[in-house]
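What the coordinates show
One letter stands for each residue in the lines below.
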Amino acid sequence: MNADSYGLKLNEQSSEQTVYDYNMLMSAMNVSVSKHLMDENFTVVWANDYFYSQTLYTKQEYEAIYHNSCRKYFEQYPEEYEKMAMVVEQALLKGKSGYECICRMPRKDGSCSWIKVSGMFSDQKVNDIPVIYATFIDVTEAVEQKELQQQLEKRSQELQAAEVANREKSVFFPGCRMISGRR
């Protein structure tokens, strides 16, 4: 083996190891990293293993069923897809370098998770179509905690309003409790 071919083999191994290390690190951090075309489908060009694990599809299943089309993937939740598309469009119109959006993400088992998507526009193009680099993290627990907190606050306000109403009733009708207590 000559020095050039040995160097090429080391670079190939190093590159494979780097991709493996990168996938392991992103998965350990629970971060999806992906590259998309900025076309009408936000076509997935590349995604790390964590991306697919969050959909509950294997990479092969996702590609076979959805043909790497985020639009098709979100068919059951078009409002979520449109929300993301609008956020991207608004960021472009405002000349921003990227965007952020929190939305629901459907999963193979019929459930949904909440994800925070952060995307960066790039100068890169594939077949003359601009490329977006995106990450997402699962924020389901935080969103659910926020919703629970809002429900608790609403319930607390309702209870306070009921207490005030009861106090006002007893001021206007002080004998009602005693009368209603006697039958």
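My aim in this report is to walk through the structure given alongside it, one point at a time. (Residues numbered from 1 in each chain as written. Predicted model: local features only at pLDDT ≥ 70, side-chain atom pairs only at ≥ 80, totals over all residues. Heavy atoms only, no water.)

Glancing now at the overall build of the chain. Within the chain one finds seven helices and five strands. Put simply, the chain runs from its N terminus to its C terminus through helices and strands in the order α-β-β-α-α-α-α-β-β-β-α-α. Expressed as a percentage of the 183 residues in the chain, the buried residues total 29%. Relative to all contacts within the chain whose residues are 6 or more apart in sequence, the contacts with residues 24 or more apart total 43%. Surface exposure of the chain reaches about 12,700 Å², of which carbon and sulfur atoms provide 55%. (Helix = DSSP H or I, 4+ residues; strand = E, 2+ residues; numbered from the N terminus. Buried < 20%, exposed > 50% of the residue type's maximum accessible area, 1.4 Å probe, protein only. Contact = heavy atoms within 4.5 Å. Areas by Shrake-Rupley, 256 points an atom, 1.4 Å probe, with all protein chains shown as cover.)

Here the focus is unusual backbone geometry. At histidine 67, a position not held by glycine, the phi torsion is positive, near 50 degrees. A residue is classified by how much of its surface remains accessible, and histidine 67, at 54% relative accessible area, is exposed. In this structure, asparagine 127 is a non-glycine residue whose phi angle is positive, near 50 degrees. For asparagine 127, a relative accessible area of 74% corresponds to the exposed category.

As a further point, take the packing of aromatic side chains. The final tally for this structure, using the stated rule, is 13 aromatic pairs. Between phenylalanine 42 and tyrosine 81 the ring centres are 5.9 Å apart and the planes differ by 65 degrees, which places this aromatic pair in the edge-to-face class. Here phenylalanine 42, found in the loop between β1 (31–37) and β2 (44–47), pairs with tyrosine 81, found in helix α5 (residues 78–93); they are 39 residues apart in sequence, far enough to count as distant. Residue classification places phenylalanine 42 among the buried residues on the basis of a relative accessible area of 13%. By relative accessible area, which is 4% here, tyrosine 81 ends up buried. Note on tyrosine 52 and tyrosine 62: the rings are 5.6 Å apart at their centroids and 75 degrees apart in plane angle, and the pair reads as edge-to-face. One end of the pair, tyrosine 52, is in helix α2 (residues 49–55); the other, tyrosine 62, is in helix α3 (residues 59–66), and 10 residues separate them in sequence. (Phe/Tyr/Trp six-rings, centres within 6.5 Å; stacked < 30°, edge-to-face > 60°.)

On to the nonpolar core. Membership of the largest hydrophobic core comes to 27 residues, with the highest contact counts inside it found for Tyr62 and Tyr99. Elements that contribute at least two residues to this core include exactly β2, α2, α3, α4 (70–73), α5, β3 (98–106), β4 (112–126) and β5 (129–138). Per-element accounting of this core gives the leading share, five residues, to α5. Apart from the residues lying within four places of it in its own chain, the contact partners of tyrosine 99 are Val87, Val88, Ala91, Val117, Ser118, Gly119, Met120, Phe121, Ile132 and Ala134. (Core = buried A, V, L, I, M, F, W, Y, C linked by side-chain atoms within 4.5 Å.)

With that settled, the discussion passes to the pattern of salt bridges. Taken as a whole and judged by the stated rule, the model has seven salt bridges. Here glutamate 61 makes a salt bridge to lysine 108, at a shortest N to O gap of 2.9 Å. Here glutamate 61, found in helix α3, pairs with lysine 108, found in the loop between β3 and β4; they are 47 residues apart in sequence, far enough to count as distant. In this structure lysine 108 comes out as partly exposed when scored by relative accessible area, which is 41%. A salt bridge links arginine 104 to glutamate 80, with the shortest nitrogen-to-oxygen separation between them at 3.1 Å. A residue pair is termed long-range when its members are at least 10 positions apart, and arginine 104 in strand β3 and glutamate 80 in helix α5 qualify at 24 residues. Residue arginine 104 is classed as partly exposed on the basis of its relative accessible area, which comes to 23%. (Salt bridge = Lys/Arg side-chain N within 4 Å of Asp/Glu carboxyl O.)

Moving on, we get to the side chain of serine 32. One can find serine 32 in strand β1. Given a relative accessible area of 0%, serine 32 falls into the buried group. Discounting chain neighbours no more than four positions away, the residues touching serine 32 are Asn48, Tyr50, Phe51, Ala134, Thr135 and Phe136.

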